[in-house]
Amino acid sequence: MNRHRSVPFAVVFALLGTGCGRQTSGTSPLFPAPQGNTWGFIDNRGKAVIAPRFEAALPYSEGLAAVKRKGRWGYIDRNGLEVIPIRYRTVQSFRNGVAIVDTGLPNQPVGLIDTAGSWVTPPLFRSLSAADGPDGLLLGQKEPAEGFGFYDRSGNLVLGPYFLAFPFAQGRARVKTGVRTGSDDWLIDTSGSLLPKKPLVLDGIRFSEGLIAVRRDHKLGYMDLEGNVAIEPRYDQGGEFAEGLAAVQLEGRWMFIDKSGAATSEFPAGVAFAEPLSDGLSLVSADRDQPGRKFGYVDRKGQWAIKPVWDDAEPFHEGLAYVGNWKDGKAAYIDHKGRTIWEGRNPSP
């Protein structure tokens, strides 16, 4: 379920979905916060912890946060001290003890570093995606003519190459074996075996909570890890399962369904799309009674938890959500009741 995002949100939060893990257990979360074009960090009460001095920042993950200065990225600890030099062209957040970084070198600039900044996988790749576990396979491409393959941490090819592929999730990966559409789109397990799926068409990118979205006769349903239809295709749109529920659309109305396919609640009228639950709330876009599309949050019961008043917003994470109103240049963090915990100035596009 893609949606339009204003530039600052798209740039700063682009890596959250695949690169950001939970913050270190037992520590209070810290959040990147902008004051114009400089970024610092606040705690979950809105108190400034690290003064704004970076060009951009990503949330903390596994005790480190990626920050940008003079056009390059590196990592700081929770005290704001630079622990991995700021020298990379782009980076992702740490996950399972490693992070993907782009050195900026020609041809094959991308590799994997550990929390000490040492190479785990040298820069052998043109592109690289994170594994779904500490011992999982990396999705990478070394040369355009080779296609995409799955590699171990030493950079050795294990599966593939494929014409197109997406990272493993729950021991399954979506791959495309050739240039044709439809019939060459498959799911594989970690041995590379193809899972049965016909006459279904894959719609989701990855498995979530044991299910992936599929289509039959243009209707959306869900398939399990063994390739069996778990929820019959009958919906018009739908997203990933999270916290036991998935948001789906039927005849213009959004609702939550459980893993049996039973509807558990219906969303308010006017919701244009809904994202998966995160911290118990679903980020939604609504245009009913609004001059333009606004963003708000719906709870598990399908009721408004936070009315749609924001020009853009991100899912809740660690108890707060990052939101903004562009007309007045406002950026803010809000809690589950919609109360403003911190307010700053939105970075310029």
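Everything quoted here is computed from the prediction, not taken from an experiment.

## Section: the sheet that holds strand β19 (residues 201-202)
Part 1 of the reasoning: The strand order β19-β20-β21-β22 describes an open sheet built from four strands, whose pairing is antiparallel. Every interior strand has two partners, whereas the edge strands, β19 and β22 (229-235), have only one.
Part 2 of the reasoning: Pairing of strand β21 (residues 219-224) with β22, which is carried by three bridges, proceeds in the antiparallel orientation. Its bridge partner being in β22, M223 is matched across the sheet by V229.

## Details of the environment of L159
Part 1 of the reasoning: Tracing the backbone shows L159 in strand β15 (residues 157-162).
Part 2 of the reasoning: As a C-alpha pair, L159 and G149 span ten residues in sequence and 5.8 Å in three-dimensional space.
Part 3 of the reasoning: The contacts of L159, once residues within four sequence positions are left out, are L137, G149, F150, F168, I188, D189, T190, S191 and G192.

## Brief notes about the packing of aromatic side chains
Part 1 of the reasoning: Under the definition given, this model contains 13 aromatic pairs.
Part 2 of the reasoning: Between W39 and Y322, the ring centres sit 6.2 Å apart and the planes meet at 50°, which makes this aromatic pair tilted. Placement of W39 in strand β2 (residues 38-43) and of Y322 in strand β32 (residues 321-325) is noted, with a sequence separation of 283 residues between them. Just as W39 is buried, Y322 falls in that class too.
Part 3 of the reasoning: Through pairs of rings, three or more aromatic residues link up here, namely F31, W39, Y322, Y333 and W342.
Part 4 of the reasoning: Residue placement shows K197 over the ring face of W186; its charged tip is 4.6 Å from the ring centre.

## Thoughts on the nonpolar core
Part 1 of the reasoning: Counting residues in each nonpolar core, the largest one holds 24 residues, and the members touching the most others are W254, F267, Y297, F316, V323 and I334.
Part 2 of the reasoning: Broken down by secondary-structure element, the contributors of at least two residues to this core are β25 (253-257), β27 (271-274), β28 (281-286), β29 (294-299), β30 (304-310), β32 and β33 (330-334).
Part 3 of the reasoning: Residues A33, A65, I76 and L320 belong to the second largest nonpolar core, which totals 19 residues.

## Points about the confidence of the model for the protein chain
Part 1 of the reasoning: Scored by pLDDT, the protein chain comes out at a mean of 90, with 89% of its residues at no less than 70.
Part 2 of the reasoning: Below pLDDT 50 for its whole length, residues 1-20 participates in 58 contacts with residues either more than four positions away or in separate chains.

## So, the pattern of salt bridges
Pairs can form between side chains of opposite charge whenever their charged atoms are close.
Part 1 of the reasoning: Under the defined criterion, the tally for this structure stands at 14 salt bridges.
Part 2 of the reasoning: For R89, the salt bridge goes to D102, with nearest N and O atoms at 3.0 Å. Here R89 is found in the loop between β7 (82-88) and β8 (90-91), whereas its partner D102 is found in strand β9 (residues 98-102), with 13 residues between them in sequence.
Part 3 of the reasoning: A relative accessible area of 38% places R89 in the partly exposed class.

## Remarks on the sheet that holds strand β16 (residues 164-165)
Part 1 of the reasoning: Across the sheet, three strands lie side by side as β16-β17-β18; this open sheet has antiparallel pairing. Only two strands of the sheet have a single neighbouring strand rather than two, namely β16 and β18 (185-188).
Part 2 of the reasoning: Strand direction decides the pairing type here: strand β17 (residues 173-176) and β18, joined by four bridges, are antiparallel. For A173, the partnering residue across the bridge sits in β18 and is I188.

## Brief notes about the environment of N228
Part 1 of the reasoning: By the element assignment, N228 lies in the loop between β21 and β22.
Part 2 of the reasoning: Each C-alpha atom, one on N228 and one on L211, is 9.8 Å from the other, the two residues being 17 residues apart in sequence.
Part 3 of the reasoning: Aside from chain neighbours lying at most four places away, what touches N228 is Y222 and M223.

Calculation notes
- Residues numbered from 1 in each chain as written.
- Predicted model: local features only at pLDDT ≥ 70, side-chain atom pairs only at ≥ 80, totals over all residues.
- Heavy atoms only, no water.
- Pairing = 2+ DSSP bridges.
- Helix = DSSP H or I, 4+ residues; strand = E, 2+ residues; numbered from the N terminus.
- Contact = heavy atoms within 4.5 Å.
- Phe/Tyr/Trp six-rings, centres within 6.5 Å; stacked < 30°, edge-to-face > 60°.
- Buried < 20%, exposed > 50% of the residue type's maximum accessible area, 1.4 Å probe, protein only.
- Lys NZ or Arg CZ within 6 Å of the ring centre and 35° of its normal.
- Core = buried A, V, L, I, M, F, W, Y, C linked by side-chain atoms within 4.5 Å.
- pLDDT = per-residue confidence, 0-100.
- Salt bridge = Lys/Arg side-chain N within 4 Å of Asp/Glu carboxyl O.

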